[in-house]
Amino acid sequence: MRWVLDHAGELLDTTWEHLGLALIPVLVGLLISVPLGWAAHRWRAARAILVPASSLLYTIPSLALFVLMPLLLGTRILDPLNVQAALTIYTVALLVRSVADALDAVPGETIAAATAVGYGAVRRFFAVELPLSLPVLIAGVRVAAVSNISLVSVGAIIGVGGLGFYLTHGSQLSPPNYAEIVAGLVLIVVLALVVDALLVVLGRWLTPWTRARGRVVTA
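Figured I'd write up the structure that's included with this text. A quick note: this is a predicted structure, and the numbers were derived from the prediction, not measured.

Turning to the overall build of the protein, a few remarks are in order. Along its length, the protein carries 10 helices and 0 strands. Ordered by position in the sequence, the α and β elements of the protein form the string α-α-α-α-α-α-α-α-α-α. Principal-axis analysis of the C-alpha atoms gives the protein an extent of 70 × 50 × 20 Å. A total of 219 residues make up the protein; the buried ones form 39% of that total. Relative to all contacts within the protein whose residues are 6 or more apart in sequence, the contacts with residues 24 or more apart total 73%. As displayed, the protein offers around 12000 Å² of accessible surface, 71% of which is attributable to carbon and sulfur atoms.

Written out as structure tokens, the structure is:
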């Protein structure tokens, strides 16, 4: 506990750094995944290619991908962009299927009704299909966010910042600094739980009709 109090400011700064490394790829990956997921939902041939390909990307070991990024991007080995780019790939790998499944879950009669009242394809997507797909999509985003918060820790092995630093640094000391290791581990878990809870709240706020439907059923 004394170590934590002595390093409170440093822990807070590192927590914010960890959060940025983890969540920026979620936002970028979501922007990439929505059109890819829509294509997988719209065309069977696209789904047969995109979904297996995205699943294959997620099987690449994170450490290997972090090390490979400088060769692909031309960045320095310690550039945080390497971790963010790799995590964006993992986010896309997770969300392409989630977006496709979310759009598949939108009732066909709802889409037909929107088309019947004059909604074009683009307007129908943003006004009807995407909002109604949010409950399933948010669930996928929650998985991606928590996964990224965990994977950022691996970046500490190649010298990129984040809470994983305390795991590697504390274990390399002689004797190991268990207070440092536990502090880093606990903060990673707490950060994942907080982000997941905030995404649940965001999902409920964006889909008020699901709450109203629940009240009707309960009544």
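Within this structure, the stated rule accounts for 4 aromatic pairs. Residues phenylalanine 125 and phenylalanine 126 carry aromatic rings whose centres are separated by 5.1 Å and whose planes lie at 85° to one another, so their mutual orientation is edge-to-face. With relative accessibility at 8%, the residue phenylalanine 125 sits in the buried group. Above the plane of the ring of tyrosine 119 lies arginine 123, whose end atom (NZ or CZ) is 4.0 Å from the centre.

This part covers the packing of helix 2 (residues 8–42) against helix 9 (residues 178–206). Contact pair helix 2 / helix 9: the axes reach a minimum separation of 11 Å and the direction vectors enclose 50°. One finds that helix 2 runs oblique with respect to helix 9. Crossing handedness for the pair helix 2 and helix 9: right-handed. Of the residues in helix 9, those in contact with Leu11, Thr15, His18, Leu19 and Leu23 of helix 2 are Leu187, Ile188, Leu191 and Val195. Taken together, the residues that form the contact of helix 2 with helix 9 break down as 7 nonpolar, 2 polar and no charged.

What follows deals with the nonpolar core. Core analysis: the biggest nonpolar cluster contains 31 residues, and Phe66, Leu87, Ile149 and Val195 have the highest contact counts within it. When contributions to this core are tallied by element, the ones reaching two or more residues are helix 2, helix 4 (62–73), helix 5 (80–104), helix 7 (121–151) and helix 9. In contact with valine 195, other than residues within four places in its own chain, are Leu19, Leu23, Ala145 and Ile149. Ranked by size, the runner-up nonpolar core spans 7 residues in total, among them Val34, Ala102, Phe125 and Leu137.

Pairs may arise between side chains of opposite charge once their charged atoms sit close together. Within the structure shown, the criterion is met by 5 salt bridges. Residue arginine 47 is joined to aspartate 101 by a salt bridge in which the shortest nitrogen-to-oxygen separation is 2.9 Å. Taken as a pair, arginine 47 in helix 3 (residues 44–57) and aspartate 101 in helix 5 lie far apart in primary sequence, 54 residues in all. The class of aspartate 101 is partly exposed, set by a relative accessible area of 32%. Ionic pairing is found between aspartate 196 and arginine 142, a salt bridge with its closest N-O pair at 2.7 Å. Note that aspartate 196 is positioned in helix 9 and arginine 142 in helix 7, a separation of 54 residues in sequence. Since its relative accessible area comes to 28%, arginine 142 is described here as partly exposed.

Before going further, it helps to spend a moment on helix 9. Think of an α-helix as turning once every 3.6 residues; residues three or four places apart then point the same way. Between its terminal C-alpha atoms helix 9 stretches 42 Å, which fits the 42 Å expected from 29 residues at 1.5 Å a residue. On its buried side, helix 9 packs onto helix 1 (2–6), helix 2, helix 7 and helix 8 (164–172). One side-chain oxygen of the residue at the start of helix 9 lies 3.2 Å from the amide nitrogen of alanine 179, identifying that residue as asparagine 177.

It is worth spelling out the environment of glutamate 17 at this point. Of note, glutamate 17 is situated in helix 2. Each C-alpha atom of the pair glutamate 17 and proline 80 lies 9.9 Å from the other, and the pair is 63 residues apart in sequence. When neighbours within four sequence positions are excluded, glutamate 17 is seen to be in contact with Gly161 and Gly162.

Its 25 residues give helix 5 an end-to-end C-alpha distance of 36 Å, which sits within 8% of 36 Å, the value for a rise of 1.5 Å per residue. Along helix 5, the sharpest kink reaches roughly 30°, centred on leucine 95. Helix 5 sits mainly inside the fold: 18 of its 25 residues count as buried. The N-cap of helix 5, judged by a side-chain oxygen 2.9 Å from the amide nitrogen of leucine 81 a few residues on, is aspartate 79.

Scoring rules and cut-offs
Residues numbered from 1 in each chain as written. Predicted model: local features only at pLDDT ≥ 70, side-chain atom pairs only at ≥ 80, totals over all residues. Heavy atoms only, no water. Helix = DSSP H or I, 4+ residues; strand = E, 2+ residues; numbered from the N terminus. Buried < 20%, exposed > 50% of the residue type's maximum accessible area, 1.4 Å probe, protein only. Contact = heavy atoms within 4.5 Å. Areas by Shrake-Rupley, 256 points an atom, 1.4 Å probe, with all protein chains shown as cover. Phe/Tyr/Trp six-rings, centres within 6.5 Å; stacked < 30°, edge-to-face > 60°. Lys NZ or Arg CZ within 6 Å of the ring centre and 35° of its normal. Axes fitted to C-alpha atoms, helices over the stretch in contact; angles between N-to-C directions. Parallel < 35°, antiparallel > 145°, perpendicular 65-115°, else oblique. Left-handed = near helix turned anticlockwise from the far one by under 90°. Nonpolar A, V, L, I, M, F, W, Y, C, P; charged D, E, K, R; others polar. Core = buried A, V, L, I, M, F, W, Y, C linked by side-chain atoms within 4.5 Å. Salt bridge = Lys/Arg side-chain N within 4 Å of Asp/Glu carboxyl O. Expected span 1.5 Å × (residues − 1). Polar contact = N/O pair within 3.5 Å; in protein donor to acceptor, adjacent residues only side chain to side chain. Bend = angle between axes of the 7 residues up to and from the residue.

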